[in-house]
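Next come the chains, spelled out residue by residue.
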Amino acid sequence: MHHLLFYSHATAAAERLISSSSSRSFLRNTYKRNIHASHKTHQAAAGKRNKDLFTPSPFKRSDKINIDDKFTVQRDLREGDNTYGIRRYLLLPRTNDNDDPTLKPNIIASINANKNILFGAQLHAKQSGSDEDYIADYFAACEPLLDIAKEDASINGQQVQALAALNGLCSWVTACLDRDGEGSEVLTSLLHGEQPNTLLDNDKEEQVENRGASGSSNRRARQNVKSQSAKIILNNESDRILMLDAIRAIATGIPRPGHSVVGQGTYRDGAEGWKSLAWEYSNLATVPVDASNGVTGLEEVSLYKSRDGEVAKIEHLASVEAGYLKIAGGAMARMFFV
């Protein structure tokens, strides 16, 4: 049940981040030089002569696709007939009940999307087993769903992205703090007055290693992925203490000394450090997932990584919903599929 609670917070957060007008403006201003992530149809898709360069929707003939003799994927549009607006991809059992509009569908898993951005990959089936069982079921259900969602999200020629929840980030940071930074290079450096080197640099880009895929579109996509390479800049000792106090407050939910709440100022003072920690945490996601390593909550990151997704940026305060602030300090990972 705790997995479903985490994803209800994260999914709502991602949907608001993507659909808000201010977020659309932020995306345009931030990425217009580097990726095809505009709210507008990519210019190459507008011309008829280039139409065949882009993937046709797998739902061209029907809003349901049978993936085998047991399961079907249904696309649920949320904005009328807008096939590229807000929508959900649902994994359903292949039964005759799916054709009865009066019956509530038995949803096994779902992924949300808005334009070329995927988010909120969630397993709906009730879980009563171990974390290992949950992870196995999550990937078995969500991987085929993601394959179809990715294909459908690329129909306008835009590079497909994802927003992934970082559930468990606060618990992980708190645990590392309790161990004097052990488990986190960022915290170890901050606690001992050194310069950590894992903060995202928005101004530096490098090409992702070519994995053998061919085609100019794949090479172009790789060139659009940014690396994590800059340093947290601390001008003096007071800056270090200020950042550490803010990080501790965000992670634990306990206000800083002299403060009555964990408020806007705390998130501002800890922003650069928290983004660096979120980046470090996101890179603990493995493929396949190792559910025995003590890190839980990164299954969505691992899911997207399993389909060539790369973490490119940490969105600070992607959600200010109380539940998600308590779980992840509001941070989410923006990923590009390369």
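Refer to the structure presented above.
Below: a short report on this structure. Because the structure is a prediction, the values reported are computed rather than measured.

In this section: the pattern of salt bridges. Following the criterion strictly, the structure yields eleven salt bridges and no others. Of the charged contacts, one joins aspartate 152 and arginine 75 as a salt bridge, the two residues approaching to 3.3 Å between their closest N and O atoms. Here the residue aspartate 152 occupies a position in helix H4 (residues 131-153), and arginine 75 occupies one in strand S2 (residues 71-77), the gap between them amounting to 77 residues. Arginine 75 matches aspartate 152 in its accessibility class, with the two residues each being buried. In this structure, lysine 275 and glutamate 272 form a salt bridge, with 3.5 Å as the shortest nitrogen-oxygen distance. Note that lysine 275 and glutamate 272 are positioned in helix H10 (residues 271-282) at a spacing of three residues, about one turn of the helix.

In this structure the tally under the stated criterion is five aromatic pairs. Between tyrosine 138 and phenylalanine 139, the aromatic rings sit 5.8 Å apart at their centres with planes inclined by 70°, giving edge-to-face as the arrangement. Of the two residues examined, tyrosine 138 and phenylalanine 139, each falls in the buried class. On the basis of an interplanar angle of 85° and a centroid distance of 5.8 Å, the ring pair of tyrosine 304 and phenylalanine 337 is categorised as edge-to-face. Taken together, the residues tyrosine 304 in helix H11 (residues 299-305) and phenylalanine 337 in strand S10 (residues 332-337) connect sequence positions 33 residues apart. The two residues tyrosine 304 and phenylalanine 337 agree in class, both being buried. Following the ring pairs from residue to residue traces out a cluster consisting of Tyr134, Tyr138 and Phe139.

Glancing now at a negative patch on the surface. Together, Asp131, Glu132, Asp133, Asp137 and Asp290 give the surface a local cluster of negative charge. Relative to the elements of secondary structure, glutamate 132 occurs in helix H4.

Pairing is mixed across the open sheet formed by eight strands, whose spatial order is S1-S2-S3-S4-S5-S6-S10-S9. Two strands bound the open sheet, and with one partner strand each, they are strand S1 (64-66) and strand S9 (309-315). With strand direction ignored, the average angle separating the axes of adjacent strands in the sheet is 25°. Pairing of strand S6 (residues 161-165) with S10, which is carried by five bridges, proceeds in the antiparallel orientation. In the strand pairing of S10, alanine 165 is matched with methionine 332. Relative to the sheet, H4 contacts S1, S2, strand S3 (86-93), strand S4 (109-114), strand S5 (117-123) and S10, its axis offset from that of S5 by approximately 155°.

Moving on, we come to the pairing of S2. Summarising the sheet, S1 and S2 pair through three bridges and their orientation is antiparallel. Its bridge partner being in S2, isoleucine 65 is matched across the sheet by valine 73. Alignment of S2 against S3, held across seven bridges, turns out to be antiparallel. For valine 73, the partnering residue across the bridge sits in S3 and is leucine 91.

By the largest-angle criterion, cysteine 142 marks the main kink of H4, which is about 30°, and a proline, proline 144, follows within four residues. Every buried residue belonging to H4 is among Tyr134, Ile135, Tyr138, Phe139, Ala141, Cys142, Leu145, Leu146, Ile148, Ala149, Asp152 and Ala153, and all of these are buried.

Membership of the largest hydrophobic core comes to 70 residues, with the highest contact counts inside it found for Leu118, Leu166, Leu169, Val173, Trp274 and Tyr304. With eleven residues, the single largest contributor to this core is H4.

Let's shift gears to the packing of helix H8 (residues 237-252) against H10. Packing of H8 against H10 leaves a shortest axis separation of 8 Å and a crossing angle of 60°. Our classification of the angle between H8 and H10 gives oblique. Here the hand of the crossing between H8 and H10 comes out right-handed. From H8, Met243, Ile247, Ile250 and Ala251 reach across to H10, where they touch Glu272, Gly273, Trp274 and Leu277. A class-by-class count of the residues in the contact of H8 with H10 yields six nonpolar, one polar and one charged.

So, about the pairing of S3. Judged by how many residues are buried, S3 sits mostly within the fold: eight of eight residues are covered. Side chains of S3 alternate between two faces, with Ile86, Arg88, Leu90 and Leu92 and Arg87, Tyr89, Leu91 and Pro93 buried alike. Judged from the six bridges that link them, S3 and S4 form a sheet pairing that is antiparallel. Bridge pairing in S4 places leucine 90 opposite serine 110.

Let us now look at unusual backbone geometry. Cis geometry is found at the peptide bond from valine 287 to proline 288, where omega equals 0°. Its identity as a non-glycine residue notwithstanding, lysine 115 has a phi of 55°, on the positive side. Residue placement: lysine 115 occurs in the loop between S4 and S5. Classification of lysine 115 by relative accessible area gives partly exposed; the value is 24%. Look at aspartate 308: it is not a glycine, yet its phi comes out positive at around 70°. Counting through the fold element by element, aspartate 308 comes out in the loop between H11 and S9.

Rules used in this analysis
Residues numbered from 1 in each chain as written. Predicted model: local features only at pLDDT ≥ 70, side-chain atom pairs only at ≥ 80, totals over all residues. Heavy atoms only, no water. Salt bridge = Lys/Arg side-chain N within 4 Å of Asp/Glu carboxyl O. Helix = DSSP H or I, 4+ residues; strand = E, 2+ residues; numbered from the N terminus. Buried < 20%, exposed > 50% of the residue type's maximum accessible area, 1.4 Å probe, protein only. Phe/Tyr/Trp six-rings, centres within 6.5 Å; stacked < 30°, edge-to-face > 60°. Patch = residues over 30% accessible without salt bridge, like charges linked within 9 Å, V, L, I, M, F, W, Y side chains within 5 Å. Areas by Shrake-Rupley, 256 points an atom, 1.4 Å probe, with all protein chains shown as cover. Lys, Arg positive; Asp, Glu negative; His and termini not counted. Charge placed at Lys NZ, Arg CZ, Asp CG, Glu CD. Pairing = 2+ DSSP bridges. Axes fitted to C-alpha atoms, helices over the stretch in contact; angles between N-to-C directions. Contact = heavy atoms within 4.5 Å. Bend = angle between axes of the 7 residues up to and from the residue. Core = buried A, V, L, I, M, F, W, Y, C linked by side-chain atoms within 4.5 Å. Parallel < 35°, antiparallel > 145°, perpendicular 65-115°, else oblique. Left-handed = near helix turned anticlockwise from the far one by under 90°. Nonpolar A, V, L, I, M, F, W, Y, C, P; charged D, E, K, R; others polar.

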